[in-house]
Amino acid sequence: MALVTSKEMFRKAYEGGYAIGAFNVNNMEIIQGITEAAKEENAPLILQVSKGARAYANHTYLVKLVEAAVIECPNIPIVLHLDHGPDFETCKSCIDGGFTSVMIDGSSFAFNENVEVTKKVVEYAHAHGVVVEGELGTLAGVEDDVKVEDGMSSYTNPDQVQEFVEKTGVDSLAIAIGTSHGAYKFKPGQKPQLRFDILQEVERRLPGFPIVLHGASSVIPEYVDMINANGGKMPDAIGIPEPMLRQAASMAVCKINIDSDLRLAMTGSVRKYFNEHPDHFDPRQYLKPARANIKELVRHKLVDVLGCAGKA
Ligand code: G3H
Ligand code: 13P
Ligand code: ZN
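Just so we're clear, the structure is a prediction, and the values are computed from it rather than from any experiment.

With that out of the way, let us pick up the overall build of the protein chain. Secondary structure assignment for the protein chain yields 12 helices and 10 strands. Relative to the globule expectation of 20 Å for 312 residues, the C-alpha radius of gyration of the protein chain, 18 Å, shows essentially globular dimensions. Expressed as a percentage of contacts within the protein chain between residues at least 6 apart in sequence, the contacts between residues at least 24 apart total 77%. Carbon and sulfur atoms make up 52% of the accessible area of the protein chain, which amounts to about 13,600 Å² in all.

This part is about the coordination of the zinc ion (ligand 3). Taken together, H84 (NE2), H181 (NE2) and H214 (ND1) make up the full set of protein donors to the zinc ion (ligand 3), lying 2.1 Å away. Summarised as a motif, the one-chain spacing of the donors to the zinc ion (ligand 3) is H-x96-H-x32-H. Residue H181 is located in the loop between β8 (172-175) and α8 (196-205), and its partner H214 is located in the loop between β9 (211-213) and α9 (221-229); the two are separated by 33 residues in the primary sequence. On the basis of relative accessible area, H214 is assigned to the buried category, the value being 1%.

This paragraph deals with helix α10 (residues 242-250). The set of residues buried in α10 consists of E242, M244, L245, A248 and A249. Projected down its long axis, α10 carries its buried residues within an arc of 155°, all on one side. Of the surrounding elements, those touching the buried residues of α10 are α8, β9, β10 (253-258) and α12 (283-306).

Here we take up the sheet that holds strand β2 (residues 45-50). Taken together, the eight strands give a closed barrel; going around it, the order is β1-β2-β3-β4-β5-β8-β9-β10, and neighbouring strands pair in parallel fashion. Pairs of neighbouring strands in the sheet enclose a mean axial angle of 25°, with direction left out of account. The pairing of strand β3 (residues 78-85) with strand β4 (residues 101-104) spans three bridges and is parallel. Its bridge partner being in β4, H81 is matched across the sheet by S101. Those strands touched by helix α7 (residues 158-168) are β5 (131-136) and β8, and its axis lies near 150° from that of β5.

Overall, the coordinates contain four aromatic pairs when judged by the stated rule. Taking the centre distance of 5.8 Å and the plane angle of 80° together, the rings of F88 and Y124 count as edge-to-face. Of this pair, F88 sits in helix α5 (residues 88-96) while Y124 sits in helix α6 (residues 111-127), placing them 36 residues apart in sequence. For the pair F88 and Y124, one class covers both residues: buried. Three or more aromatic residues joined by ring pairs form one cluster here, namely Y273, F274 and Y286. For K120, the ring lying beneath its charged end belongs to F88, and the centroid distance is 4.5 Å. In this structure, R195 packs its charged tip against the face of Y155, placed 5.1 Å from the ring centre.

Phi angles above zero are rare outside glycine, and N58 is one such case at about 85°. Along the chain, the position of N58 falls in the loop between α3 (51-57) and α4 (59-72).

Conventions we followed
Residues numbered from 1 in each chain as written. Chains lettered and ligands numbered in written order. Predicted model: local features only at pLDDT ≥ 70, side-chain atom pairs only at ≥ 80, totals over all residues. Heavy atoms only, no water. Helix = DSSP H or I, 4+ residues; strand = E, 2+ residues; numbered from the N terminus. Rg over C-alpha atoms; globule rule 2.2 N^0.38 Å. Contact = heavy atoms within 4.5 Å. Areas by Shrake-Rupley, 256 points an atom, 1.4 Å probe, with all protein chains shown as cover. Donors = N, O, S within 2.8 Å, 3.2 Å for Na, K, Ca; no water. Buried < 20%, exposed > 50% of the residue type's maximum accessible area, 1.4 Å probe, protein only. Arc of directions from axis to C-beta. Pairing = 2+ DSSP bridges. Axes fitted to C-alpha atoms, helices over the stretch in contact; angles between N-to-C directions. Phe/Tyr/Trp six-rings, centres within 6.5 Å; stacked < 30°, edge-to-face > 60°. Lys NZ or Arg CZ within 6 Å of the ring centre and 35° of its normal.

Put into C-alpha cells, the structure is as follows:
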C-alpha cells in the first residue's frame, strides 16, 4: 500500500469510537519501533515530522525512511504528516515533497490571520491531493523553539470552530482542552484535568468532524523513573492520564499526538544501557533496547489507549 491521506482513517475512527496514533519521528530507530508495533497490531498509523525533525534529519532522509517502512508494512495504511507547519512555504515544501497530510499551525495568530494562512494552505494542499489539519486555541508547553507559558495558553472557543472550518476548508481541527506539549503537563499536587465540556461543545457544533489532540503523552512513570534511576534529572514530569485519552478517543477525537513518551522511552533505555555497560560504545548495542522499548510502548498505546489495534 502506498502512503495514504487520513480521510478514510478518520471517518472509520470517528464512527468506531477510537483514535489514530500520530507519532513524531526523527530517526530510523524510532520509525522502526513504531511501525513494527503497528504492523504486528494491524493498526492504521500516522507518522509525523516537525520543522525541528526536518532540520535535524533532513526532509529527504525522513521521507525515504518512511517509504521504507511502507514497503516493510504493506498491509497497514500509513500517513506522512507535517506536524506544526509554521507557514505556507514549509507546508508547500512538504506537499511538493511527498507528504500526504500537513498541519498549518496558525494558532498563535489572531482569528482572521489564522483563517487566511490556513485557507491558503488548504487550497494548495487540496489541489495536490493532500489533507490539512488546522488549529484553534493555544497549548502550553514547548514545541520546536517556541515555549508558551502556562498563563499564555488559551482553551479553544467553541463559538469559533464552525466559522473556522467553513472559511478554511480544513479536513481536521486541533483544539486546546488542557493538554500541553512536553513532559511537564501538570504541577505536582495538581489534579490532571481536561475540558471535556469544550470537546463536547465542539463536537455538537461540528458533527462528524475529526478533532485532533496535541500534547497527549501520558509521560509514562516507568520511563521517568528509568531516567531518574540512571543519572537523569526529571523530577515532577507528569502527563495526561491514559483513561482521559481513551475517553477523548471515544468522542470526536480521531488523532492523538505522541512525542514526549517516545523521547522518554528512548532516553531512559539508553541511560540504563550505559549505566549497566559503561565500557560499551557500539550504537547498535545501545539503540537496540531503545528501539525495542519504543515498539512495546507504541503497542500499549495502540491496544490500550487509542483502541485502533486491528483496525487497519
Ligand atoms: O509538538 C511538538 C512535537 O513534540 C515536536 O517537537 O518540534 O521538538 O520536534 P519538536
Ligand atoms: P507530547 O509532547 O505530549 O508528546 O505532544 C506531542 C505533540 O503534540 C506533537 O505535535
Ligand atoms: Zn503538537
